[in-house]
Amino acid sequence: MKNKNPFITIEGGEGSGKTTQSLLLKKYLEQKGYSVVLTREPGGTVLSEYIRNIILDPKSNLTSEAELFLYEAARAQHVQEFIIPFLKKGTVVICDRFTDATVAYQGYARKLNISLINKLNSTASFGIKPTITIYLDINPLKGLNKAKYLNKEFYGLQGDRIERESLNFHEDVRKGYLEQAKKYPNRIKIVKTQNSPEQTYKLIKKIIDAIL
Ligand code: TMP
């Protein structure tokens, strides 16, 4: 057994299907006998979910720096209160977004200093690094349209504060992820989203099987 209880992160642009894939992966690992928790960033604890609501509320008039610190505050709480205790117990942790999202969104798209972001990421994550990261790659226009459609259909919403950013912003996010994947090819695996969630999942399963 290569990894007894990996810390798996799932990344991707808006509408890339992270949630569906995380659920499929959780089910698969549980069937294999692993104990698994699914969590997300920003979020995963009561405090971090409060912070999430502030960040994503279109009425929040946040500066880029304030936004960065809120993501990191939510992460610091989540890592200490939730992720580390579960990893210590031998549970597999699947996290919907983690530090790579901050590099892609606040670094590449908001244009904040990447070495500052790396320092804050490392402080807020207390030395915890993902065993493996799946980056779900989707055309930003397609993904955004899907995310906006789902929001409207299910919640009657116009999209959160980040989804409302321009196409250009979301293209920079994608560029950020792809560059990160190039920099850390052993950890970050690019999975192109396929025509159906099942087809995409097959690709993810192969990657995960290889690290178990
Ligand atoms: P989600 O809707 O995919 O759960 O993520 C919430 C939004 O927050 C999404 O638009 C990506 C963004 N985000 C950042 O900008 N920086 C971060 O560090 C994280 C974790 C998410």
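Up top is the structure.
Residues numbered from 1 in each chain as written. Predicted model: local features only at pLDDT ≥ 70, side-chain atom pairs only at ≥ 80, totals over all residues. Heavy atoms only, no water.

Visitor: What exactly am I supposed to notice about the site of the ligand here?
Guide: Taken together, 14 residues lie near the ligand, and Glu14, Tyr71, Arg97, Thr102 and Gln106 sit nearest. Separating an oxygen atom of the ligand from a side-chain N or O atom of Arg75 is a distance of 3.4 Å. Within the contact set of the ligand, a nitrogen atom lies 2.8 Å away from a side-chain nitrogen or oxygen of Gln106. Starting from 480 Å² of accessible surface for the ligand in isolation, the protein chains cover 94%. Looking at the shell around the ligand, the elements with two or more residues in it are α2 (46-56), α3 (64-88) and α4 (99-109). Examining the composition of the shell around the ligand, we find that four residues originate from one element, α4, more than from any other. A per-class count over the shell around the ligand returns six nonpolar, two polar and six charged. (Near = heavy atom within 4 Å. Polar contact = N/O pair within 3.5 Å; in protein donor to acceptor, adjacent residues only side chain to side chain. Areas by Shrake-Rupley, 256 points an atom, 1.4 Å probe, with all protein chains shown as cover. Helix = DSSP H or I, 4+ residues; strand = E, 2+ residues; numbered from the N terminus. Nonpolar A, V, L, I, M, F, W, Y, C, P; charged D, E, K, R; others polar.)

Visitor: Mind showing me how you'd approach the sheet that holds strand β4 (residues 132-137) here?
Guide: Strand pairs in the sheet, formed through backbone hydrogen bonds, run parallel or antiparallel to each other. Strand order in the open sheet formed by five strands is β2-β3-β1-β4-β5, with parallel pairing between adjacent strands. Both edges of this open sheet fall to β2 (36-40) and β5 (188-192), since each of them pairs with a single strand only. Neighbour to neighbour, the strand axes of the sheet diverge by 20° on average, direction disregarded. Direction of pairing for strand β1 (residues 7-12) relative to β4: parallel, over a ladder of five bridges. Bridging from a neighbouring strand, Gly12 pairs with Leu136 of β4. Helix-sheet contacts for helix α1 (residues 18-31) involve β1, β2, β3 (92-96) and β4, and the interaxial angle to β3 is about 170°. (Pairing = 2+ DSSP bridges. Axes fitted to C-alpha atoms, helices over the stretch in contact; angles between N-to-C directions. Contact = heavy atoms within 4.5 Å.)

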